[in-house]
Amino acid sequence: MSNTYHINTQCLQEGYSPKNGEPRVVPIVQSTTYKYDSSVEVGKLFDLEEEGFFYTRLANPTMDAVEQKIAVLEGGVGALLTSSGMSAIMVAVLNICNAGDHIVSSAAIYGGTMNLFTVTLKRFGIDVTLVQPDCSEEELRAAIKSNTKVVYAESIANPSLCIVDLCMYAKVAHEAGIPFMVDNTFATPVNCRPIEFGADIVVHSTSKYMDGHAVALGGVIVDGGTFDWNSEKFPGLCTPDESYHGIIYTESFGKQAYIRKARLQLMRDMGVTPSANNAFLLNLGLETLPLRVERHCENAQKVAEFLEANEHVTWVNYPGLESCAFHEMAQKYMPNGTCGVISFGLEGGREAATKFMDSLKLASIVVHVADARTSVLHPASTTHRQLTDEQLVECGVGPDLIRMSIGIEYIGDILADIQQAFDVIYK
Ligand code: PLP
């Protein structure tokens, strides 16, 4: 397949090209293992002398097709599917960070990632410094230490919707000889391809827009193939891996060193593999991703404008609004649209937020975003409830913040639902 096709075509056609008489749709290969005629052949697979499937924890034909598709969509050289977005981030970071290392991350990140960085990875001996997402070049540079191994940010942060200056982050990371890793879950490659702006590794919770129907948890790591790992900072990539016959990933795999190591070493040892069935469902979602993302953004823009015009709405945050602090960054990095998620506050704060959500009829209260169906959530009492008030403010999540994920239903019905909920609160 040619990756010169438009992304709308790639979403349908990449990753799987059936030969004569083969299934048109990527098959679900529901098998943990693969049969070979001789032990010599299996040995060659283990020694990486030949490419092939031998155990689904490491690779599976259904997953392989979806990985190839996503690698093309993001403009990378390879991808690895994982069982969830969290496991993608964990593997992506552990692939280059050991005990004693350090991460610099934008403070505007998903609550689960914040926990991973500030609590769990700390227990593994990996430290983190959080920077304000809109920090200056100097501030970002000052946060990097000699043991820093990665700079991390979300292209559109969940739930603050903050958009970081991707080029600036990449430049500062590269000057320090370290990669820039971006969680591109909310923007999706339809609206933003961070590798084009200097990111070296992209991660996703595919459970969100990529799947799009709230049916399958999943994650993916994409290797941009852009970073030179031949550095004393990254011995795991450029010196022998004793756990894998002394292989040197940079020598054996060149531009794919990072993603091959993630698969051969960490996926082997941690086994955070998705099921073939979930990979199949993800692929179905990917096929319509561009259509859905376009409609999500169109509907979200209309809802944001509707909310902004309402006297009871104290603030609205949506990068598509000119009033939004992130509008300029959105124009620079995702001019065709951002995402379907809006955050806002109501007169009456936390109490009004709860009443509003309870009064909605079409939109449902779910711990999820990016579903084709409109959904709503109060992060301070749910996804972000582990965080202290200080961390909440750092993440850009106030106690009154309502996060609404606008679906692809008919816009008139979504607006009518919001209006009738306002009518209940502000009688
Ligand atoms: N990254 C972002 C931006 C998210 O919004 C989420 C989940 O909401 C995750 C990562 C974690 O993904 P998952 O829930 O698939 O583990």
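Keep in mind that what you see is a predicted model, and the values were worked out from it rather than measured.

1. With respect to the overall build of the protein
Within the protein, the regular secondary structure consists of 17 helices and twelve strands. Over its C-alpha trace the protein gives a radius of gyration of 22 Å, about what one expects of a compact globule, namely 22 Å for 427 residues. The C-alpha extent of the protein, read off along each of the three principal axes, is 75 × 55 × 35 Å. In the protein, which comprises 427 residues, the proportion classed as buried is 56%. Considering only contacts within the protein whose residues lie at least 6 apart along the sequence, 72% involve residues at least 24 apart.

2. Brief notes about the site of the ligand
Residues in contact with the ligand amount to 14 residues; listed here are only the nearest, Asn158, Asp183, Ser205, Ser207 and Lys208. In this structure, a nitrogen atom belonging to the ligand sits 2.6 Å away from a side-chain N or O atom of Asp183. Within the complex, the protein chains bury 91% of what would otherwise be the 390 Å² of accessible surface of the ligand. Among the elements that take part in the shell around the ligand, helix H4 (residues 85–94) stands out by supplying three residues, more than any other. Residues of the shell around the ligand, tallied by class, amount to four nonpolar, seven polar and three charged.

3. A word on the side chain of Thr56
Among the structural elements, Thr56 can be located in the loop between helix H2 (39–46) and helix H3 (61–74). Of the residues examined, Thr56 reaches a relative accessible area of 13% and is grouped as buried. There is a polar contact of 2.7 Å between the side chain of Thr56 and the backbone oxygen of Ser31. There is a polar contact of 3.4 Å between the side chain of Thr56 and the side chain of Asn60.

4. Quick notes on the sheet that holds strand E5 (residues 180–183)
Sheet strands line up and pair through hydrogen bonds in the backbone, either parallel or antiparallel. Read across the open sheet, the seven strands follow the order E1-E7-E6-E5-E4-E2-E3; overall the sheet is mixed. Among the strands making up the open sheet, the edge pair consists of strand E1 (78–82) and strand E3 (127–131). In this sheet, adjacent strand axes meet at a mean angle of 20° when their direction is disregarded. The pairing of strand E6 (residues 201–205) with strand E7 (residues 219–223) spans five bridges and is classified as antiparallel.

5. Quick word on the packing of H3 against helix H12 (residues 276–287)
Two quantities define a packed helix pair, namely the angle between the axes and the distance from one axis to the other. For the pair H3 and H12, interaxial distance at closest approach is 8 Å and the crossing angle is 35°. Considering the relative orientation of H3 and H12, their crossing is left-handed. When H3 is examined against H12, the residues Thr62, Met63, Val66, Lys69, Ile70 and Leu73 are found in contact with a partner set consisting of Ala276, Ala279, Phe280, Leu282, Asn283, Leu286 and Glu287. Partitioned by chemical class, the residues of the contact of H3 with H12 number nine nonpolar, two polar and two charged.

6. Quick look at the pattern of salt bridges
Taken as a whole and assessed by the stated rule, the structure comprises 15 salt bridges. Two residues, Glu51 and Arg260, come together in a salt bridge whose shortest N-O distance is 3.2 Å. A residue pair is termed long-range when its members are at least 10 positions apart, and Glu51 in the loop between H2 and H3 and Arg260 in helix H11 (residues 257–270) qualify at 209 residues. Each member of the salt-bridge network shares a partner with another, and the members are Glu137, Arg141, Lys171 and Glu175.

7. Here we look at the sheet that holds strand E8 (residues 313–317)
Taking strand neighbours across the sheet as the criterion, the five strands line up as E8-E9-E12-E11-E10 in an open arrangement whose pairing is mixed. Lying at the two open borders of the sheet, with one neighbouring strand each, are E8 and strand E10 (364–365). Of the strand pairs in this sheet, E8 and strand E9 (residues 341–346) are connected by four bridges, and their pairing is antiparallel. Following the sheet pairing, Val316 is matched in E9 by Phe344. Sheet contacts for helix H15 (residues 349–359): E9, E10, strand E11 (375–377) and strand E12 (402–405); angle to E9, the most-contacted strand, approximately 125°.

8. Considerations on the pairing of E1
Consecutive side chains along a regular strand alternate between the two faces of the sheet. With five of its five residues buried, E1 lies for the most part within the structure. In E1, alternate side chains face the same way, and those of Gly78, Leu80 and Thr82 on one face and Ala79 and Leu81 on the other are all buried. Two elements, E1 and E7, share five bridges in a ladder whose sense is antiparallel. The residue of E7 that forms the bridge with Leu80 is Ile221.

9. Comments concerning the domain arrangement of the protein
Domain annotation of the protein identifies domain 1 (7–285) and domain 2 (290–425). In this structure, domain 1 and domain 2 have C-alpha centres spaced 29 Å apart. The interface of domain 1 with domain 2 comprises 42 residues on the first partner and 40 residues on the second. Three residues stand out in domain 1 for area buried against domain 2, namely Ile163, Asn191 and Tyr209, and they jointly supply 24% of the buried area on that side. Inspection of the region where domain 1 meets domain 2 yields one salt bridge. Where domain 1 packs against domain 2, one counts 14 residue pairs in polar contact (both at pLDDT 80 or more). Of all elements in the fold, only helix H1 (7–13), helix H5 (111–123), helix H7 (166–175) and helix H8 (188–191) reach the threshold of two or more residues within the side of domain 1 that touches domain 2. Top contributing element to the side of domain 1 that touches domain 2 by residue count: H5, with four residues. Looking at the side of domain 1 that touches domain 2, its residues break down into 25 nonpolar, 14 polar and three charged.

Quick notes on the rules
- Residues numbered from 1 in each chain as written.
- Predicted model: local features only at pLDDT ≥ 70, side-chain atom pairs only at ≥ 80, totals over all residues.
- Heavy atoms only, no water.
- Helix = DSSP H or I, 4+ residues; strand = E, 2+ residues; numbered from the N terminus.
- Rg over C-alpha atoms; globule rule 2.2 N^0.38 Å.
- Buried < 20%, exposed > 50% of the residue type's maximum accessible area, 1.4 Å probe, protein only.
- Contact = heavy atoms within 4.5 Å.
- Near = heavy atom within 4 Å.
- Polar contact = N/O pair within 3.5 Å; in protein donor to acceptor, adjacent residues only side chain to side chain.
- Areas by Shrake-Rupley, 256 points an atom, 1.4 Å probe, with all protein chains shown as cover.
- Nonpolar A, V, L, I, M, F, W, Y, C, P; charged D, E, K, R; others polar.
- Pairing = 2+ DSSP bridges.
- Axes fitted to C-alpha atoms, helices over the stretch in contact; angles between N-to-C directions.
- Left-handed = near helix turned anticlockwise from the far one by under 90°.
- Salt bridge = Lys/Arg side-chain N within 4 Å of Asp/Glu carboxyl O.
- Domains from an automatic or database assignment.
- Buried area = accessible area lost by both parts, 1.4 Å probe.

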